[in-house]
Amino acid sequence: MRRRIALLAVLAAVVLLIAVYVKRNTFSYTNLVDEADRIQARVLLEEAGVSRENIDGLFSLIEAFYQDPYPYLAEQGFQRALIPLFSYRDQDAFDHFDRQPDSSLTCRMAAFLLLKDSIRFPDVLPTAPEEKDPMSQRCLAAEQDRLHYNLLFANVEGQAVRSSEDLATGVSDYWSEVGIDFSGGVKAKLLTVYGSDGGEIQNFHTAVAISSGEEIWLLEKYDPLYPYQLSRFTGEAQLVCYLRRRVLGCPYAAVFQGGECLWVK
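Residues numbered from 1 in each chain as written. Predicted model: local features only at pLDDT ≥ 70, side-chain atom pairs only at ≥ 80, totals over all residues. Heavy atoms only, no water.

1. A closer look at the sheet that holds strand β3 (residues 189-196)
Turning to step 1, where the next piece is worked out: Spatial ordering of the open sheet is given by β2-β1-β6-β5-β4-β3-β7-β8, a layout of eight strands whose pairing is antiparallel. Where the open sheet ends on each side, the last strands, each with one partner, are β2 (79-82) and β8 (260-264). Pairwise comparison of adjacent strand axes, ignoring direction, gives a mean angle of 30° for this sheet.
Turning to step 2, where the next piece is worked out: Along the sheet, helix α3 (residues 52-65) contacts β5 (215-221) and β6 (228-233); its crossing angle with β6, the most-contacted strand, is approximately 115°. (Pairing = 2+ DSSP bridges. Helix = DSSP H or I, 4+ residues; strand = E, 2+ residues; numbered from the N terminus. Axes fitted to C-alpha atoms, helices over the stretch in contact; angles between N-to-C directions. Contact = heavy atoms within 4.5 Å.)

This is the structure:
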């Protein structure tokens, strides 16, 4: 009898731990396929201070991306998903790209299109930065915007990276040296994920975050061939848990919100 009670107690504890784990790691998301979901995202962005012109520019690209159906997405409303298991099927992405090769957009470009006016750049660029993404010429008409984009997301070289703290310092120092300032006064913030294997520091992912009470909304292009996504997280810890999956294979990594480092690996 005692053994059975002990076993039941162990099982109850295991079930409780699983329930707590699932709750902590479950987030909600929509792929912005439905017009009602897009309207919700637009309202969030406008209330966060993003210009309507920039919002219209990105959402015209979102609509173009979905002109050809992308299978197995959240067609309407929000779906719940477990962070460690969340992904999209590679074959669906390749098939969609084959049908619509001109609709791809990097995560960096999607975020920059929204927040390019809220990030401060130097009046005179220190150097002509190397082109980061060829498609930037298609999405950014103004040469100054393209130069700012390349400066913001340039690889950081010449830094001794022996820890994630070194990486975070290297990124912050780079932004300071070239004159990039994220204190633009809007509630929408640039979220960036950087990684390194000890050599140059690279941007691995970029998105736009909006805090609302204890919740954090994240708007992103999941990857160049993958869908758009608006996600809702219960707080900063859950958001970081989601983002750090982007740099699982990097020995050194960090997540930034604007100029503030949220997490180091």
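After that view, the rundown keeps rolling.
2. Some details on the environment of F233
Turning to step 1, where the next piece is worked out: With respect to the helices and strands, F233 occurs in strand β6.
Turning to step 2, where the next piece is worked out: Along the backbone, F233 and G57 are 176 residues apart, and their C-alpha atoms lie at a distance of 26 Å.
Turning to step 3, where the next piece is worked out: Every residue in contact with F233, bar those within four places of it in the chain, is listed here: F27, I83, E214, E215, I216, L218, Q238, L239 and Y242.

3. Some points on the packing of helix α5 (residues 107-115) against helix α7 (residues 143-152)
Packed helices, taken two at a time, are described by the angle their axes make and the gap between the axes.
Turning to step 1, where the next piece is worked out: For the pair α5 and α7, the least separation of the axes is 11 Å and the interaxial angle reads 125°. The angle between α5 and α7 falls in the class oblique. Here α5 runs over α7; the crossing is right-handed. In contact with R108, M109 and F112 of α5, α7 contributes D145, H148, Y149 and L152.
Turning to step 2, where the next piece is worked out: Split into classes, the residues belonging to the contact of α5 with α7 amount to four nonpolar, one polar and two charged. (Parallel < 35°, antiparallel > 145°, perpendicular 65-115°, else oblique. Left-handed = near helix turned anticlockwise from the far one by under 90°. Nonpolar A, V, L, I, M, F, W, Y, C, P; charged D, E, K, R; others polar.)

4. Concerning the pattern of salt bridges
Turning to step 1, where the next piece is worked out: Scanning the entire structure with this criterion turns up 12 salt bridges.
Turning to step 2, where the next piece is worked out: Ionic pairing is found between R89 and D92, a salt bridge with its closest N-O pair at 2.8 Å.
Turning to step 3, where the next piece is worked out: A salt bridge links D223 to R246; its shortest N-O distance comes to 3.5 Å. Of this pair, D223 sits in the loop between β5 and β6 while R246 sits in the loop between α9 (236-243) and β7 (252-257); the two residues are 23 residues apart in sequence, bridging distant segments of the chain.
Turning to step 4, where the next piece is worked out: Residues joined by salt bridges that share partners form a network here, namely E35, R38 and E63. (Salt bridge = Lys/Arg side-chain N within 4 Å of Asp/Glu carboxyl O.)

5. Some details on unusual backbone geometry
Turning to step 1, where the next piece is worked out: The phi angle at L32 is positive, at roughly 60°, despite the residue not being glycine.
Turning to step 2, where the next piece is worked out: Residue position: L32 is located in the loop between β1 (26-30) and α2 (35-47).
Turning to step 3, where the next piece is worked out: You can call L32 buried: its relative accessible area is 0%.
Turning to step 4, where the next piece is worked out: Unlike most non-glycine residues, Y72 shows phi in positive territory, near 60°.
Turning to step 5, where the next piece is worked out: Inspection of the secondary structure assignment puts Y72 in the loop between α3 and β2.
Turning to step 6, where the next piece is worked out: Taking relative accessible area as the criterion, Y72 reaches 64% and is therefore assigned exposed. (Buried < 20%, exposed > 50% of the residue type's maximum accessible area, 1.4 Å probe, protein only.)

6. A few points about the confidence of the model for the chain
Predicted coordinates in areas of low pLDDT are best not read in detail.
Turning to step 1, where the next piece is worked out: The share of residues in the chain with pLDDT of 70 or more is 90%, and the mean pLDDT across the chain is 89.
Turning to step 2, where the next piece is worked out: Between the elements of the chain, mean pLDDT differs from a low of 51, seen in helix α1 (residues 2-24), to a high of 98, seen in β7.
Turning to step 3, where the next piece is worked out: Below pLDDT 50 for its whole length, residues 12-21 participates in one contact with residues either more than four positions away or in separate chains. (pLDDT = per-residue confidence, 0-100.)

7. Brief notes about the environment of G49
Turning to step 1, where the next piece is worked out: For G49, the location among the structural elements is in the loop between α2 and α3.
Turning to step 2, where the next piece is worked out: Remark: the alpha-carbon pair of G49 and Y252, spanning 203 residues in sequence, is separated by 33 Å.

8. What about the packing of aromatic side chains?
Turning to step 1, where the next piece is worked out: Inspection of the entire model under this criterion finds 22 aromatic pairs.
Turning to step 2, where the next piece is worked out: Consider the rings of F112 and Y149, whose centres lie 5.3 Å apart with planes at 70°: the pair is edge-to-face. Taken as a pair, F112 in helix α5 and Y149 in helix α7 lie far apart in primary sequence, 37 residues in all.
Turning to step 3, where the next piece is worked out: Judged by its relative accessible area of 0%, Y149 is buried.
Turning to step 4, where the next piece is worked out: Centroid distance W175 to F256: 5.2 Å. Interplanar angle 75°. Geometry classified as edge-to-face. One end of the pair, W175, is in helix α8 (residues 164-178); the other, F256, is in strand β7, and 81 residues separate them in sequence. The two residues W175 and F256 agree in class, both being buried.
Turning to step 5, where the next piece is worked out: Through successive ring pairs, a cluster of aromatic residues spans F27, Y29, F86, Y88, Y222, Y226, F233 and Y242.
Turning to step 6, where the next piece is worked out: A cation over an aromatic ring shows up here: K221 above the ring of Y228, its NZ or CZ 5.3 Å from the ring centre. (Phe/Tyr/Trp six-rings, centres within 6.5 Å; stacked < 30°, edge-to-face > 60°. Lys NZ or Arg CZ within 6 Å of the ring centre and 35° of its normal.)

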